[in-house]
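As a plain string of letters, each chain reads:
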Amino acid sequence: MGETVIERLGATWDRTDRIFGLLRPEAILARPIALRHPFIFYVGHLPAFAWIHLGMGVLGRPSFDPGFDELVSRGIDPDVDDPTRCHDHPAVPEQWPDLATVLAYRDRVRAAVADSVEAAARQGRMLEMVIEHELMHQETLLYMVQRLTFEAKLRPSWLPAYRLGPGRPGGTVEIPAGRAALGAAVEDLPFGWDNEFPPATVEVPAFRMDATPVTNGQFLEFVAGGGYETTRLWDDDDGAWRRREALAHPVVWEREDGRWWYRTLFDRLPLDDVRDWPVYVSLAEARAYARWRGARLPAEAEFHRAAFGEPGGGTRAFPWGSAPAGEAPGNFDFRRWAPAPVGSHPEAASAWGVHDLIGDGWEWTETPFAGFPGFEANIPGYAGYSADFFDGKHYVLKGASWATAAPLVRPSFRNWFQAHYPYVFAKFRCVALP
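What counts and how
Residues numbered from 1 in each chain as written. Predicted model: local features only at pLDDT ≥ 70, side-chain atom pairs only at ≥ 80, totals over all residues. Heavy atoms only, no water. Pairing = 2+ DSSP bridges. Helix = DSSP H or I, 4+ residues; strand = E, 2+ residues; numbered from the N terminus. Contact = heavy atoms within 4.5 Å. Axes fitted to C-alpha atoms, helices over the stretch in contact; angles between N-to-C directions. 1 Å grid on protein atoms, 1.4 Å probe; cavity = no way out; pocket = protein on both sides within 12 Å on 5 of 7 lines; lining within 4 Å. Points joined across faces, edges and corners; volume = space filled by probe spheres on them. Salt bridge = Lys/Arg side-chain N within 4 Å of Asp/Glu carboxyl O. Buried < 20%, exposed > 50% of the residue type's maximum accessible area, 1.4 Å probe, protein only.

A.B. asks: Before we move on, could you go through the sheet that holds strand β11 (residues 394–400) and cite the residues and values that matter?
C.D. replies: The mixed open sheet is built from four strands, whose spatial order is β12-β11-β10-β13. Where the open sheet ends on each side, the last strands, each with one partner, are β12 (415–418) and β13 (426–427). When β11 meets β12, the two strands line up antiparallel, connected through four bridges. Following the sheet pairing, Y395 is matched in β12 by F417. The strands touched by helix α9 (residues 300–308) are β10 (361–368) and β11; relative to β11, the strand with the most contacts, the crossing angle is about 10 degrees.

If you want it as structure tokens, here you go:
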């Protein structure tokens with residue numbers, strides 16, 4: 001028997017609390033990524049989103065604190081290249097409310113949401129939206145946690161051991177021409193975000209794709225070969241951003257006394273130990289590496305063709321077949337709390353033999369984030385959820401990372417970030433014509 005909605009809400013809240021529990025008390029006001037609010041904002045934002053959209057928007061209940069709702073109603077997504085330009089958001093206060101006040105608000109909202117589940121049952125999609133919104137922010141919180149100093153965090157006793165050692169040897173796979181089925185029909189999903197609809201079929205020419213994602217070891221060759229300093233490998237905008245940020249390697253790498261290190265959530269590991277983990281980089285860095293290889297990044301439709309297509313023209317529900325995400329192999333849904341060597345789950349490969357399309361890290365595509373033909377902003381009270389980011393600066397990511405919850409692992413789900421945002425748990429692979 002599946003979980004009830006109230007059980008799913010409780011499990012979601014428990015994981016959120018576990019993530020905030022990774023912080024030492026003084027770190028709640030930390031802002032490890034300047035393009036994000038401090039942690040305390042998210043303590044309030046998650047319950048505020050739930051009550052604004054469910055309690056007030058669906059059930060017509062009053063606000064508990066209109067001023068507080070406004071303060072934490074929406075996060076920021078500034079232009080990475082010009083942080084003074086950003087989407088509409090509430091003004092940042094000179095001083096955030098104290099944690100006790102925010103927690104009291106959170107607990108009051110959670111109790112009210114739990115009491116409202118039965119009344120809101122007829123609006124099941126809104127309940128699903130509240131849960132998925134929190135699941136997505138759990139991943140945001142974790143890549144923020146990764147940027148904190150180790151002294152600001154509490155290492156949990158339950159942290160799984162790292163999976164080290166060699167990964168699957170590289171190589172490329174030929175994907176024949178065929179159709180890619182993007183998006184979904186509204187009636188086919190219990191819930192989906194507006195950018196997932198309507199379905200779209202795309203004809204995809206034949207191409208060759210890396211069988212496994214690019215690893216830290218492979219990317220180190222690019223770094224050692226002067227890839228960051230080779231101007232011709234970088235678009236003008238990408239190169240300007242790289243120079244402005246003085247970027248010379250992935251943000252989770254460190255160089256000390258001639259030796260490379262890799263930062264996980266709680267440890268600093270020799271890069272040699274994780275050389276076969278997938279490398280996490282921005283889209284700009286991925287594009288430069290692909291040019292260095294004489295290749296390019298996949299389009300969203302190519303990812304779909306590689307992940308869900310089958311010989312003979314069929315379509316799989318998932319790369320591994322039909323098993324639901326919660327029962328399928330792969331490094332997602334918080335199973336490891338870190339990447340694993342590429343190709344560690346051969347039973348999850350696609351019909352063509354492409355590995356790790358789901359799990360270990362989101363995958364960058366070269367497709368700008370936009371609506372499918374016939375797109376409609378259909379989320380009540382949140383018309384700008386997707387449409388605000390149809391600006392040519394955000395790009396589609398597909399797949400899932402180790403910190404992506406199982407309900408988000410569906411073929412139609414689309415993530416998106418700016419090309420110059422290097423903090424996401426995002427990997428990549430290269431493609432070329434056959």
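A.B. asks: A description of the sheet that holds strand β9 (residues 268–270) should follow, citing residues and the corresponding values.
C.D. replies: Pairing is antiparallel across the open sheet formed by three strands, whose spatial order is β7-β8-β9. Two strands lie at the open edges of the sheet, namely β7 (253–256) and β9, each paired on one side alone. Each adjacent strand pair in this sheet contributes to an overall mean axis angle of 40 degrees, direction not counted. Pairing of strand β8 (residues 259–263) with β9 involves three bridges; the strand directions are antiparallel. Bridge pairing links Y262 to L269 in β9. Packing against the sheet, helix α6 (residues 216–224) makes contact with β7 and β8, and its axis sits at approximately 55 degrees to β7.

A.B. asks: Describe the layout of surface pockets, naming the residues involved and giving the relevant values.
C.D. replies: In this structure, the largest pocket encloses a volume near 670 Å³. In terms of lining, the largest pocket is formed by 35 residues, of which the most central are L189, F318, V409, R410 and P411. Of all the elements, strand β4 (residues 178–182) adds the most residues to the lining of the largest pocket, at four residues.

A.B. asks: I'd like a rundown of the pattern of salt bridges, residues and numbers included.
C.D. replies: What the rule picks out here adds up to 24 salt bridges. The salt bridge partner of D235 is R287, with a shortest N-O separation of 3.9 Å. Residue D235 is found in the loop between α6 and α7 (236–244), and its partner R287 is found in helix α8 (residues 283–292); the two are separated by 52 residues along the sequence. D235 gets classed as partly exposed once you look at its relative accessible area, which sits at 30%. R287 sits in the buried class, given a relative accessible area of 16%.

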